[in-house]
Each structure stands twice: as structure tokens, then as C-alpha cells.
Amino acid sequence: MKTFFHLIQEVQKPGLCHHCGGCVTFCTAINYGALELDEGGRPRYKDIEKCIECGICHSICPEIGELDEEVKREVAWSAPIGRVIETTVARAKDPEIRAQATDGGVVTGLLLHLMDLGRIDGAIVAMKAGPFRRIPWLAITKEEIVEAAGFHFDTSHGMKHFSQIYSEYSTFSPSIMELGEVAKKHLNRVAFVGTPCQINALRRMETLGVVPAGSIKFHLGLFCTGNFYFGEPQRQRLEEIGNFKWDEVRKVNVKEEMLIHLKSKEIRRIPLDKLEFMKRYACQFCDDYAAEYADISFGGIGAEEGWTTVITRSPLGRAVLADAKGVDLEVYSYKENPRFAAEAMATVVEWSEKKKQNAREKHREIERKSVRVKG
């Protein structure tokens, strides 16, 4: 049975760890307490003597292929980008939510809809914790859900600080760690909003039937080209590339390119191939762009500004989205463009294949280096 020691050798040392937090979350939830996250969000031993070498932390890692086939059967995955029941383009009906959100505010609108119906007790989201920083947050009120919308550069007040857990200036938040809060509050109907690697880890827990995955009733995945560091060197270089100053910035969005929205309403567009200097290293090895294991996947790519491309992947996701249409969500008009959904899907497939191809090439590079070292 492989253990966390093997995860260190196989995933951490080569730089493949996504910092999703799945291994630490399971170990903490089951009260083993052998693992923890360091100040950079990396899993490590907290007390090696408490490790019972169960091997579950190794099995649920997204970079380990041990449960690939079981997870794919669980979610009825199919090529090329996972199960697709329906594709649409939508946005939140409430203009205040749209103004706060990064794209069309569909995720926020859907979470509010689920809370209004009493379908969820809370939602695990990424909350802004200050300039260039997001942290995991269990939102249990509608106000907290709205506050978490978008990627903005203001400082949030009156909230707990996670700097001791995750202090990097990064677009990534180890949201799975908030499952510990779910257990403490005895919640069992929670929506989870996260990146493809986080959804992947949750589905692996679900496949094994281990806590705390059973508390998650809705898996809402975000399209992901990769996550970025926003440290001082990266911010200075971005200013030079985009010809702007950070005190002029209203919000940042990543679609087919990075969009820097200025307070003057101008938009600076930076091609993604110019951002490799600030992308997290492990993201180069991830092959899931469209959150292929989610109930519903979301992203701005393929949609007009202010709208969200939405892919429903499970019967549960389809039912929830259908119920929210016309209530908290509005769908892009077919009269404007009868082919908008097909065109949006074509764009998602294109970017998915780009990410898969890049991941294959990066993994081959790692393998070649490993062979040279062993030789």
C-alpha cells in the first residue's frame, strides 16, 4: 500500500502537486491528524507518528491514476471533454450580481437559487482576503455568497484570516480544506465551487466512499487554463506588458486571454502565452480545462463579455440549471445568434485539447529527465 511518503516522492518532488488539499482534508476529517498544509499550501507531515499508512491520501490524489477508471464510470465520462448533456450561455438576472461577478455571475446566481430553495446549507467558495489573494470560505448566508463573487482587488473586512494556512498571492485557493468547517458545523448539503483538480479529488473521495465527500451534493467546476501567482515581481512585469498601473485596476478575468479591467472602463488584453512566467508550475501538467467531473462547468470562454458558458454534465446539474432559468438566471437569446451554444462548445473543446496536449508534452519532458537521471 502506497502512503503519503510515496506522494512526496512521486508528486511533490517532481513539482506535480496541485495543492488541492484533498490528502490533508481526508486525513483531518477522519481525525488522524497526520498531515497539514504548510504556509504555501503544500501538504506535509504534521505528525508522522499518527500516520496509519492507510494509503487513501495517495489514491485520491488527482496526479495518481489509481482510480481513473472508477471515477470516470461514476460520472459517466466520455471523450473528448467528459459527459456533456447540454451547453448554454447564461448570466445572472440580478444586475448587481453581474456587476460584482467576473463573467455573467451564473455561479453566484445558481448558489443563491439553491439557498432560496433550501437545497443547500452552505457553499464552499473562494473569498477575497485582500489584494491579489483568495482563501477558502464556507459561505452559509446569501450575503457571504455574493461577497465571494468575482476576482477583485479590494480588502475584505470582518473575516477570519487563513494566512497561516495559505499565504501566497495567487488566484488558487485550497477550497477543499473548508470541508473541515462543514464537518464542524454538521452540514450535509453543501455546494462546492472549485477548480478541475479539486473536483477530481472530491470525486475520488466519493468513489471510495470516504468522509467528508458525502457532504457535497453539488459539484460546480470552473474552467481553468491554470492558476497564477500575483507576487510583487509578477505584478510589476504585468504592468509593463499591459501598460497599466495596479491602482487603476477594477478586476481581472482570464478567458482566451487575461483581461485587465480598469476603473476607466478600458480593458488591457494580455495573451496567455505571455503569462508563463506567473503560472503555477504544477498547472502545466494538468489536462483538465473544462472541469470534466463536475455536475455543471462554468467559464467565460466562448461567451460574449458579461455572459457565462455553462455545460451541464449530470442529470442533477441539468435539473438544477433548468429550475434556475427564468428565476435567477437568464439565457442568451437565440434570436441574437442561433448557434451561440454550439460555437461556445467548439471554443471549449479547442481550449481543452490545447491543455491536454500541453500536459502530455510536459509529462513526456518529466519522463525524459527521469530517464537521463537514472541513466
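Up top you'll find the structure we're talking about.
> I would appreciate a short explanation of the packing of aromatic side chains in the present structure.
Taken as a whole, this structure holds nine aromatic pairs when the rule is applied. Between Y332 and F340 the ring centres are 5.2 Å apart and the planes differ by 50°, which places this aromatic pair in the tilted class. With a relative accessible area of 10%, Y332 lands in the buried category. Through pairs of rings, three or more aromatic residues link up here, namely W307, Y332, Y334 and F340. The ring of W77 carries K72 above its face, with NZ or CZ at 4.4 Å from the centroid. Its guanidinium or amino end placed over the ring of W351, K354 lies 4.1 Å from that ring's centre, counting from NZ or CZ.

> Mind showing me how you'd approach the pairing of strand β8 (residues 249-254) here?
Working note: regular strand, side chains alternate between the two faces of the sheet. Pairing analysis gives five bridges linking β8 to strand β9 (residues 257-262), with the strands arranged antiparallel. Paired with V252 across the strands is I260, a residue of β9. Linking β8 back to β9 in an antiparallel pair, the connection comprises two residues.

> Quick question: what am I supposed to make of the nonpolar core here?
Side chains of a nonpolar character, in soluble globular proteins, are inclined to be buried together. Within the largest apolar cluster, 30 residues are counted, with the highest numbers of intra-cluster contacts made by L110, L111, V125, F218, L220, I296 and F298. Sorting the residues of this core by element identifies β3 (86-92), α6 (106-116), β4 (122-130), β5 (133-139), β6 (190-194), β7 (216-222), β11 (296-299) and α11 (315-324) as the ones contributing at least two each. Looking at this core, the element that brings in the most residues is α6, giving seven residues. If near-sequence neighbours (up to four positions away) are discounted, I296 is found in contact with L110, H219, L220, G221, V310, I311, T312, G317 and L321. Membership of the second largest hydrophobic core comes to 23 residues, among which are F223, I260, L272 and I301.

Rules and cut-offs
Residues numbered from 1 in each chain as written. Predicted model: local features only at pLDDT ≥ 70, side-chain atom pairs only at ≥ 80, totals over all residues. Heavy atoms only, no water. Phe/Tyr/Trp six-rings, centres within 6.5 Å; stacked < 30°, edge-to-face > 60°. Buried < 20%, exposed > 50% of the residue type's maximum accessible area, 1.4 Å probe, protein only. Lys NZ or Arg CZ within 6 Å of the ring centre and 35° of its normal. Pairing = 2+ DSSP bridges. Helix = DSSP H or I, 4+ residues; strand = E, 2+ residues; numbered from the N terminus. Core = buried A, V, L, I, M, F, W, Y, C linked by side-chain atoms within 4.5 Å. Contact = heavy atoms within 4.5 Å.

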